[in-house]
Amino acid sequence: MTTTTTGPAAQDAQATQGTQDARVELAIGGMTCASCAARIEKKLNRMDGVEATVNYATEKARVTFGPDIAVRDLIATVEATGYTAREPTPEPPPGRADRAGQQDPAHATPPTHDAEDDALRPLRQRLLTAVVLAVPVIAMAMVPALQFTYWQWLSLALAAPVVTYAAWPFHRAAFTNARHGAATMDTLISLGTSAAFLWSLWALFLGTAGEPGMTHPFELTIARGDGAGNIYLEAAAGVTAFILAGRYFEARSKRKAGAALKALLELGAREVTVLRDGQPDGQPDGRTDERTGSREELIPTSALQVGDRFLVRPGEKIATDGTVVEGASAVDVSMLTGESVPVEATVGSAVTGATVNAGGRLVVEATRVGADTQLARMARLVEEAQNGKAAAQRLADRISAVFVPVVIALALATLAFWLGNGAGLTAAFTAAVAVLIIACPCALGLATPTALMVGTGRGAQLGILIKGPEVLESTRRVDTVVLDKTGTVTTGKMALLAVHTAEGEDEEGVLRLAGALEHSSEHPVARAVATGAAARVGALPVPEDFANVPGLGVQGIVEGHAVLVGREKLLAEWAMELPAPLARAKAEAEAAGRTAVVVAWDGEARAVLVVADAVKPTSAEAVRRLRALGLAPVLLTGDHRAAAEAVAREVGIGADEVIAEVMPQDKLDVVKRLQGEGRSVAMVGDGVNDAAALAQADLGLAMGTGTDAAIEASDLTLVRGDLRAAADAVRLARRTLGTIRSNLFWAFAYNVAALPLAAAGLLNPMIAGAAMAFSSVFVVGNSLRLRGFRAAS
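Residues numbered from 1 in each chain as written. Predicted model: local features only at pLDDT ≥ 70, side-chain atom pairs only at ≥ 80, totals over all residues. Heavy atoms only, no water.

Asks: Quick question: what am I supposed to make of the overall build of the chain here?
Replies: The helix and strand inventory of the chain stands at 27 helices and 28 strands. Buried positions account for 53% of the 793 residues belonging to the chain. Long-range pairs, those at least 24 residues apart, make up 71% of the contacts in the chain with a sequence separation of at least 6. When the accessible surface of the chain is totalled, it reaches about 33900 Å², and 56% of it is carbon and sulfur. (Helix = DSSP H or I, 4+ residues; strand = E, 2+ residues; numbered from the N terminus. Buried < 20%, exposed > 50% of the residue type's maximum accessible area, 1.4 Å probe, protein only. Contact = heavy atoms within 4.5 Å. Areas by Shrake-Rupley, 256 points an atom, 1.4 Å probe, with all protein chains shown as cover.)

What follows is the structure, encoded as structure tokens:
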């Protein structure tokens, strides 16, 4: 049994007073790459009775521990590893009010500010410093015409802040890694930039590089030198600027990991109209409900308590989970359940917070509030899915873990070899430092950010937003794509699909009368009929009389005809029956999961209108393209199975690939089950009900026409509401990943090819500069090829 506790004191008490395992979530600070998360996780899991998962993207560690361990022990272990840890401070509610509706100052909403921007500001400042100062340093080193007298000293003045202040995060991380016997990309960057900068200082102050008129000539001859006239300030400054740029854009993307939770929580109503009996002492009179005599009082939703009765007007969000005690209406629940047809709510019906009242006036009694609501439970599902989603290990870090020790060993071996052969301390040290300098990953710093920049830029032009490099790793392995139905494969809006008329009736006449009456209704099905009628017959007449029949339909007088539009039961109340052809049409529509609307006037049934969530015209082509990429499509929906199978047939998905009538938590379970079968799962969705599944999936793709919660929980966002963009997104992501991998290969290949020259002491500034420049140009050119990516026609 696992018990979740909320604070250090509670955790420690839990751990010492019982035998149950406790669980805590720690906020981790100081991580710079995925290998940092792996190191912390490894250290925590070495503790007896501890199971930990550390997520680099969300900067959180979820730890389950036994009774002999206290939270302070976990924090101490993380700090001993070189990082910081603390229990996250829960955010205050949007505002808590007392029963009289007055805001409690102690819990008032704090002034809004961009906390994410505050966290990124130091990194942004370092990046701007590096870029502004490094550009002239690089220009002077690479363009002989700019090498005026004493240009090298100006380069030193500009490069010094870049290598010290701007590159400080790399040096700090390298020191932390060294304390624990590890090497990452940070180690390589710190070693290379420090070696280049320190050697330049030696050459300027103790060698000949500081003499007036010193230049870097255009000589590509391979010859041994003592290095006293060589400076490498442009390498140190350029590498720092390039890699800081990549880190900044990565951090900005990573900071949005928790935005899905915020988007979910913001979906709920912020204020609610509660019904109170009597007048509270000392409070101004509120508006009085004429039907019940109760006083209406507007309070923050966070102040609601179980048992409170609140009013929901047409078009308003339902504030919290509850039971209808008065009124009848249609409730749009597609945001939570995915059902395209609104649900009829009458007295005794259960309703869910954040759904929308699409019809009449409702009075609801709250049954669940705060953390117990369906919306809050969905937020927890999203958070758990995000925390459990392992961040992809960086290829550069994996290579660096091997490359750095090899380079250091080679540098030491070079120094020892030349000293042993009597070459002299200066020549030996020159060769050893040259090894470190040529190993400095200038092109490596460009490999990922340039490909990402071009790839994401091209994606944006095509309506595809890629959130970060970790996303690309997933696209290569994906073999199954789960498609949400409502709003993804279909339009998500009810539409008039077919009109079946009785003998002797014409379609235009039916739509004219039915559309006119439905135009006065607020029901989503009625709006679909009215919109479809207006599109087909033009302007609609104005009803002379109109009445809503709760739960059944509408009735009224249009152009002198007594018209009924709604369920078959409405006709039965007027002693009318459907003719056999219309009854068959109604049965066929309902068997296909569609909504059948009956139209009658002047005592006779005249037509059956078929309304449904229409399939997007491009969905069938999108499914074919996804199959061509090796992805097996699965249709997943909260809608009825008949409706789901009808849609599946239309887009080319087999009945055995349809999973219907699932709730939000079931969607998450379906993704987990497919992953448990060894599949790598991509999920495409657009609603709040898809957010947890999108976060859990190996690759989450959100339709940009959907909710913020779904978009923030996803890895890729498809700006257009066209499912074909999903296939293009996978193709582009795979192409971008391939470009990054080829960039990394060539970046290291040039370094490795030049290392023997450096070890032999044959490396002069132009050879080093040419190698670095050529590898960088190659990497940039390779990345620019992504601009030619085209969406499939």
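Asks: Got a minute to help me understand the side chain of Ser783 in this structure?
Replies: Along the chain, the position of Ser783 falls in helix α27 (residues 765-784). Of the polar contacts made by the side chain of Ser783, one reaches the side chain of Asn743; its length is 2.9 Å. If sequence neighbours within four positions are ignored, Ser783 has contacts with Ala447, Thr450, Ala451, Val454, Thr739 and Asn743. (Polar contact = N/O pair within 3.5 Å; in protein donor to acceptor, adjacent residues only side chain to side chain.)

Asks: Teacher, can you tell me more about a nonpolar patch on the surface here?
Replies: Together, Met142, Val143 and Leu146 line one region of the surface with nonpolar side chains, adding up to about 220 Å² of accessible area. Along the chain, Val143 falls in the loop between α4 (115-142) and α5 (151-166). (Patch = residues over 30% accessible without salt bridge, like charges linked within 9 Å, V, L, I, M, F, W, Y side chains within 5 Å. Salt bridge = Lys/Arg side-chain N within 4 Å of Asp/Glu carboxyl O.)

Asks: Please explain the nonpolar core as it appears in this structure.
Replies: Soluble globular proteins tend to pack their nonpolar side chains together in the buried interior. Ile231, Leu233, Leu244 and Val435 are the most contacted members of the largest nonpolar core, which has 54 residues in total. Broken down by secondary-structure element, the contributors of at least two residues to this core are α4, α5, α7 (185-205), α8 (233-254), α12 (395-420), α13 (425-439) and α26 (724-759). Apart from the residues within four sequence positions on either side, Val435 is in contact with Val407, Leu410, Ala411, Thr414, Leu755, Ala758 and Ala759. Judged by nonpolar contacts, the second largest core, of 48 residues, contains Val471, Val481, Leu635 and Ile653. (Core = buried A, V, L, I, M, F, W, Y, C linked by side-chain atoms within 4.5 Å.)

Asks: In this structure, what is going on with the packing of helix α17 (residues 507-518) against helix α18 (residues 524-537)? I would like to understand it.
Replies: Geometrically, a packed helix pair is captured by the angle between its two axes and the distance between the axes. Two elements in contact, α17 and α18, have axes whose closest approach is 8 Å; the angle formed by their N-to-C orientations is 135°. Comparing the axis directions of α17 and α18 gives the class oblique. In the crossing of α17 with α18, the sense of the turn from one axis to the other is left-handed. Listed contacts from α18 to Glu507, Glu508, Leu511, Arg512, Gly515 and Glu518 of α17 are Ala526, Val529, Ala530, Ala533, Arg536 and Val537. Class assignment of the residues belonging to the contact of α17 with α18 gives a composition of six nonpolar, one polar and five charged. (Axes fitted to C-alpha atoms, helices over the stretch in contact; angles between N-to-C directions. Parallel < 35°, antiparallel > 145°, perpendicular 65-115°, else oblique. Left-handed = near helix turned anticlockwise from the far one by under 90°. Nonpolar A, V, L, I, M, F, W, Y, C, P; charged D, E, K, R; others polar.)

Asks: I'm lost on the packing of aromatic side chains in this one. Help?
Replies: The relative placement of two aromatic rings is captured by the distance of their centres and the angle of their planes. Counted according to the given criterion, the structure contains three aromatic pairs. For the pair Trp153 and Phe205, a centre-to-centre distance of 5.2 Å together with 75° between the ring planes defines the contact as edge-to-face. Of the two residues, Trp153 is situated in helix α5 and Phe205 in helix α7; the sequence distance between them amounts to 52 residues. Ring geometry for Trp199 and Trp202: centres 4.8 Å apart, planes at 25°, overall stacked. Pair noted here: Trp199 and Trp202 are both in helix α7, with a separation of three residues, about one helical turn. Under the relative-accessibility criterion, Trp199 is labelled buried at 5%. For Trp202, a relative accessible area of 28% puts it in the partly exposed group. It is Arg126 that lies over the ring of Tyr165; its NZ or CZ is 4.7 Å from the centre. (Phe/Tyr/Trp six-rings, centres within 6.5 Å; stacked < 30°, edge-to-face > 60°. Lys NZ or Arg CZ within 6 Å of the ring centre and 35° of its normal.)

Asks: Please explain the sheet that holds strand β19 (residues 545-549) as it appears in this structure.
Replies: Each strand in a sheet pairs with its neighbour through backbone hydrogen bonds, running either in the same direction (parallel) or in the opposite one (antiparallel). Taken in spatial order, the six strands of this open sheet run β18-β23-β22-β21-β20-β19, and their pairing is antiparallel. Since the sheet does not close on itself, it has two edges, and those belong to β18 (490-501) and β19, each with one partner. Averaged over all pairs of adjacent strands, the angle between strand axes in this sheet comes to 20°, irrespective of strand direction. Bridge analysis of β19 against strand β20 (residues 553-558) gives five bridges, and the strand direction is antiparallel. (Pairing = 2+ DSSP bridges.)

Asks: Got a minute to help me understand the packing of helix α6 (residues 168-179) against α7 in this structure?
Replies: Their axes nearest at 8 Å, the elements α6 and α7 cross at an angle of 120°. With respect to α7, the element α6 is oriented oblique. Along this stretch, α6 crosses α7, giving a crossing that reads as left-handed. Contact with α6, carried on its side by Phe170, His171, Ala173, Ala174 and Asn177, involves Asp186, Thr187, Ile189, Ser190, Thr193 and Ser194 of α7 and no other residues of that element. Partitioning the contact of α6 with α7 into residue classes produces four nonpolar, six polar and one charged.

Asks: Help me understand the UniProt feature "transmembrane region" (unreviewed entry) in the chain, please; the structure alone is not making it clear to me.
Replies: Per the UniProt record, "transmembrane region" (unreviewed entry) is found at residues 127-144, 150-168, 188-209, 229-249, 399-419, 425-448, 744-760 and 766-784. Between the first and last C-alpha atoms of residues 127-144 the distance is 27 Å; the span itself is 89% helix and 0% strand. Each end of residues 150-168 is marked by a C-alpha atom, and these two atoms are 27 Å apart; helix forms 89% of the span and strand 0%. (UniProt positions renumbered as here; feature names shortened; annotations may be inferred.)

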